[in-house]
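Below are the chains, spelled out letter by letter.
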Amino acid sequence: MARKIGLLTMVHLASVAKTLAATRPYPLHTLYLQFHPKVAASVKCPRALGRFVASVYQSSVCWIGTDVDLRIMTGTLRTGHPDAGAFSVSRKRPPSVDYLFYDYAVASAAGNEEAVLAQHFPAAQVVELTADSAVENGTRIEVVLDPAEECYRNVVLGGTFDRIHAGHKVLLTQAILMATERLVVGVTDGAMNRGKKLYELILPTEQRIATLEQLLGDIDPTLRYEVVPIVDPFGPTATDPNMDLIVVSTETARGGTKVNELRTKNGLNQLQVHTIELLDDEATIEDKEDKISSSNLRMDLLGTRLKPRKPAPGHLPTKPYIIGLVGGIASGKSKMMERFEKLGAGVIDCDKIGHQLYEPGEECYKQVVATFGNGIVHPNGTINRQALGAIVFADRSKLDQLNGIMWSAIRKRAQEMARSLYEQQGKEVVIMEAAVLLRAGWQQDCHEVWSCIIPREEAIRRLMERNQLAEKEAIRRVDAQVTSTEEIVRQSDVVFCTLWSYEFSQQQAERAWGIIQSELKLKL
């Protein structure tokens, strides 16, 4: 069933819980909530409803679930402005509405407001969420109006704003309610994101900016918005003299002080600082943060499909379904392979294949010795890999020679093993682990690519512990990797991270395995 858009007009704010819960039977993707002009007339200024808006976002997951994008439109609180909200003929958002919800009886209260909406959205179904249609025992909330505090012409705030969640909406809405003319929003870019958890999964800056611009316009179209990328903690606050207030969260409160220190140094006015409490995440688990955060949302992406499943390449047979598993050093690939083998996958370890191909009697053995000389051979006839490594890592051209010999042979052996796993053992899904998969171009032999990533610091720590290496050597090995984690993620259909508990990594594996099994049953 296609998910649709709803627009809810509210008068009875204290009944917001049961009103929102009453929308659950409808297949909504987005639900816009606007305030009836009667509400706007009863408050002294838009900022008075700031606490109410925050409480609704805080609890909305309990009332309407996690799949509905709730957007509270505070523009209707600015009485007299021609673009105040959806009641205005000049308003352009939302572009279409499938349901017009009201928390009052429209027939007995029909007026200009309802007529405007009917004219805007003639195909929308009108639904009265009155007491009779609302869920039983709906919770009433206390509507506490904030005092009529000062508002400011120019307000600024910043953040990553990756995958907009309720915490973002509270932060942005509070800033909007305190602004009278302009809101500047800095969106972190480049190296600013490097310190974030699972930064490789952060959406592109251009996409985050576009999403923010649409959301801000939905919340309140009466303000002027400037959404800009920032590559340092200060952004435009360092140079813009036309700023009055900065909005920060409790975790970034110190940033407000730093901004004012820099503005003093640059001869600019001091900004008022308004701090907003972060929202608790009531559904958090042991490995996640206790607050609603983009980091938690990125953790939820692990083990899920990041891209739509593509049709099988023409040169690949439908079965077995081959998945390439790639990742950096010490990223947990081998342990993840063990999980998939226990779940029922056929597994191929290309590193082990490489070791086998170095054995006397293999064609690769003969080519490697012929290419690099008998000086790389132990007295017992086996290849001295340490001596071979000293040669190839000192000369890139010789490394390319070795790769040219080994990669084609490993690829051929892996293809043979995949066919054997399917034909002789009935393994319809085969996972091929190969650290060099992307460099060697073996993704063309796979139906899709999965990957394991790990923070650089954790990879260094694991190498030191696992291989008994000095920190300097561990750093050298980690930094010598050619393919960055960003590139690995960019080419991956599914991503795992083994940074947290064994149980959380197991959940990722089981989630991905369940997805692929479901898809193969439907499509193969």
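Just so we're clear, the structure is a prediction, and the values are computed from it rather than from any experiment.

1. Focus on the overall build of the chain
- Helix and strand counts for the chain stand at 19 helices and 15 strands.
- Counting the 524 residues in the chain, one finds 50% classified as buried.
- Sequence separation of 24 or more characterises 78% of the internal contacts of the chain that already satisfy a separation of 6 or more.
- Surface accessibility of the chain: about 25200 Å² in total, with carbon and sulfur atoms responsible for 50%.

2. Topic: the sheet that holds strand β1 (residues 4–10)
- The sheet built from 5 strands is open, its strands ordered β3-β2-β1-β4-β5 with parallel pairing. Of all the strands in the sheet, the pair left with one neighbour each is β3 (69–73) and β5 (125–128). For this sheet the average axis-to-axis angle between neighbouring strands, irrespective of direction, equals 20 degrees.
- Summarising the sheet, strand β2 (residues 28–35) and β3 pair through 5 bridges and their orientation is parallel. Pairing of Leu-33 across the sheet is with Ile-72, part of β3.
- The strands touched by helix α5 (residues 112–120) within the sheet are β1, β2 and β4 (99–102), with β4 carrying the most contacts at an inclination of about 165 degrees.

3. What to know about the pairing of strand β8 (residues 224–230)
- By the bridge criterion, 7 bridges tie strand β7 (residues 179–188) to β8 in an arrangement that is parallel. Bridged to Val-184 within β8 is Glu-226.
- On the question of chirality, the crossover connecting β7 to the parallel β8 by way of helix α7 (residues 205–219) is right-handed.

4. Structural notes on the layout of surface pockets
- Volume-wise, the second largest pocket comes out at about 1000 Å³.
- Elements that contribute at least two residues to the lining of the second largest pocket include exactly β6 (152–159), α6 (166–178), β7, β9 (245–249), α8 (253–265) and α9 (294–301).
- Considered class by class, the residues forming the lining of the second largest pocket number 18 nonpolar, 17 polar and 7 charged.

5. A closer look at the packing of helix α16 (residues 456–466) against helix α17 (residues 471–479)
- Look at α16 against α17: their axes get within 9 Å of each other, and the N-to-C directions meet at 125 degrees. In this view, α16 runs oblique relative to α17, as classed from their interaxial angle. Considering the relative orientation of α16 and α17, their crossing is right-handed. Contacts between α16 and α17 involve Arg-456, Ala-459, Ile-460, Leu-463 and Met-464 on the former and, on the latter, Glu-471, Ala-474, Ile-475, Arg-477, Val-478 and Asp-479.
- Classifying every residue of the contact of α16 with α17 gives 7 nonpolar, no polar and 4 charged.

6. Observations concerning the packing of helix α3 (residues 50–64) against α6
- Axis separation between α3 and α6 bottoms out at 9 Å; the angle between their running directions is 170 degrees. The angle between α3 and α6 falls in the class roughly antiparallel. In this structure, α3 contributes Gly-50, Arg-51, Val-53, Ala-54 and Tyr-57 to the contact, and α6 contributes Ala-166, Lys-169, Val-170, Thr-173, Gln-174 and Leu-177.
- The residue inventory of the contact of α3 with α6, partitioned by class, reads 6 nonpolar, 3 polar and 2 charged.

7. Topic: α16
- Taken together, the buried positions of α16 are Glu-458, Ala-459, Ile-460, Arg-462 and Leu-463.
- Buried positions along α16 lie against α17.
- Looking at the residues trailing α16, positive phi occurs at Gln-468, about 55 degrees.

8. Considerations on the pattern of salt bridges
- A complete count under the given rule lists 29 salt bridges for this structure.
- The shortest N-O distance in the salt bridge between Arg-461 and Glu-465 comes to 3.0 Å. Of this pair, Arg-461 and Glu-465 both sit in helix α16, separated by 4 residues, roughly a single helical turn.
- Owing to a relative accessible area of 40%, Arg-461 belongs among the partly exposed residues under this scheme.
- Taking relative accessible area as the criterion, Glu-465 reaches 54% and is therefore assigned exposed.
- Between Glu-473 and Arg-477 there is a salt bridge, and its shortest N-O distance comes to 3.0 Å. Taken together, the residues Glu-473 and Arg-477, both in helix α17 and 4 residues apart, mark about one turn of the helix.
- The exposure class of Arg-477 is partly exposed, given its relative accessible area of 33%.
- What emerges from the salt-bridge pattern is a single network uniting Asp-69, Arg-71, Lys-169 and Asp-218.

9. A closer look at the sheet that holds β8
- The 5 strands are arranged β8-β7-β6-β9-β10 in an open sheet whose pairing can be described as parallel. Each of the sheet's edge strands pairs with one partner strand only, and the pair in question is β8 and β10 (272–276). Here the average twist between neighbouring strands, direction ignored, is 25 degrees.
- Where β9 meets β10, 5 bridges bridge the pair, whose relative direction is parallel. Across the sheet, residue Leu-245 finds its bridge partner in β10, namely Gln-272.
- Across the sheet, α8 touches β9 and β10, and the angle it forms with β9 is around 150 degrees.

Conventions adopted
Residues numbered from 1 in each chain as written. Predicted model: local features only at pLDDT ≥ 70, side-chain atom pairs only at ≥ 80, totals over all residues. Heavy atoms only, no water. Helix = DSSP H or I, 4+ residues; strand = E, 2+ residues; numbered from the N terminus. Buried < 20%, exposed > 50% of the residue type's maximum accessible area, 1.4 Å probe, protein only. Contact = heavy atoms within 4.5 Å. Areas by Shrake-Rupley, 256 points an atom, 1.4 Å probe, with all protein chains shown as cover. Pairing = 2+ DSSP bridges. Axes fitted to C-alpha atoms, helices over the stretch in contact; angles between N-to-C directions. Right-handed = clockwise from strand over helix to strand, strands pointing away. 1 Å grid on protein atoms, 1.4 Å probe; cavity = no way out; pocket = protein on both sides within 12 Å on 5 of 7 lines; lining within 4 Å. Points joined across faces, edges and corners; volume = space filled by probe spheres on them. Nonpolar A, V, L, I, M, F, W, Y, C, P; charged D, E, K, R; others polar. Parallel < 35°, antiparallel > 145°, perpendicular 65-115°, else oblique. Left-handed = near helix turned anticlockwise from the far one by under 90°. Salt bridge = Lys/Arg side-chain N within 4 Å of Asp/Glu carboxyl O.

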